[in-house]
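# An overview of the molecular structure
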Amino acid sequence: MQALDELWAVILERRGADPESSYTAKLFAKGRPKIAQKVGEEAVETVIAALVQDKDALAAESADLLYHLLVLWADCGLDPNDVAAVLETRKR
Ligand SMILES: N=c1c2ncn([C@@H]3O[C@H](COP(=O)(O)OP(=O)(O)OP(=O)(O)O)[C@@H](O)[C@H]3O)c2ncn1[C@@H]1O[C@H](COP(=O)(O)O)[C@@H](O)[C@H]1O
């Protein structure tokens, strides 16, 4: 998805940037436990949006979840292609 590719590039650019200049840089500065916590929170909010059948909220919460998940991957040194490779092995 092009939007995710573009988002990934911006996230990588923000690593090492001034935490005062960017939410992403601030997240990296706070560290992995905080980033992981945000992924958990956004996952719960996504589930809630799905269960109350609010499609607009589901789209918004899914975007929050994907953004924070990509930040977590970047912090862990995991490339989206690594995940794509796992998905490829599961194709049937
Ligand atoms: N996609 C996103 C994105 N999705 C969600 N968020 C931020 O995630 C935060 C989630 O809100 P919350 O209320 O849960 O969290 P919070 O209270 O602000 O923060 P915490 O104290 O909980 O950490 C909000 O501040 C949103 O702005 C995002 N921030 C940035 N991006 C993308 O990242 C790019 C770079 O952003 P900067 O790093 O800010 O330049 C932007 O151009 C966007 O494309």
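To be clear, the structure that these remarks concern was listed above.
As the structure is a computational prediction, the values presented were derived from the model and not from experiment.

## Side note on the site of the ligand
Lining the immediate surroundings of the ligand are L7, V10, R14, S22, Y23, T24, K34, K38, E42, D64, Y67 and H68. For the ligand, an oxygen atom lies 2.7 Å from a polar atom in the side chain of K38. The fraction of the free accessible surface of the ligand (830 Å²) that becomes covered by protein chains is 53%. Elements supplying a minimum of two residues to the shell around the ligand: helix 1 (2–14), helix 2 (23–30), helix 3 (32–51) and helix 4 (55–76).

## Some words on the side chain of E61
When you line up the elements, E61 lands in helix 4. Buried charge E61 goes without a salt bridge, the closest partner of opposite sign being K38 at 9.0 Å. Apart from the residues lying within four places of it in its own chain, the contact partners of E61 are E42, E45, T46 and A49.

## Description of unusual backbone geometry
Although it is not a glycine, Q53 sits at a positive phi angle of roughly 55°. Within the secondary structure, Q53 sits in the loop between helix 3 and helix 4.

## Comments concerning helix 4
Since the α-helix advances by 3.6 residues per turn, residues separated by three or four positions end up pointing in the same direction. Compared with the 32 Å implied by 1.5 Å per residue over 22 residues, the 31 Å span of helix 4 between its first and last C-alpha is a close match. When we look at burial in helix 4, the residues that qualify are E61, Y67, H68, L70, V71, L72, W73 and A74. The secondary structure elements touched by the buried residues of helix 4 are helix 1, helix 2, helix 3 and helix 5 (80–90). One side-chain oxygen at the N-terminal end of helix 4 lies 3.3 Å from the backbone nitrogen of D56; it belongs to D54. Among the residues trailing helix 4, G77 stands out with phi positive, at a value near 75°.

What counts and how
Residues numbered from 1 in each chain as written. Predicted model: local features only at pLDDT ≥ 70, side-chain atom pairs only at ≥ 80, totals over all residues. Heavy atoms only, no water. Near = heavy atom within 4 Å. Polar contact = N/O pair within 3.5 Å; in protein donor to acceptor, adjacent residues only side chain to side chain. Areas by Shrake-Rupley, 256 points an atom, 1.4 Å probe, with all protein chains shown as cover. Helix = DSSP H or I, 4+ residues; strand = E, 2+ residues; numbered from the N terminus. Buried < 20%, exposed > 50% of the residue type's maximum accessible area, 1.4 Å probe, protein only. Lys, Arg positive; Asp, Glu negative; His and termini not counted. Salt bridge = Lys/Arg side-chain N within 4 Å of Asp/Glu carboxyl O. Contact = heavy atoms within 4.5 Å. Expected span 1.5 Å × (residues − 1).

Without other data, these values stay purely geometric and don't point to any function.
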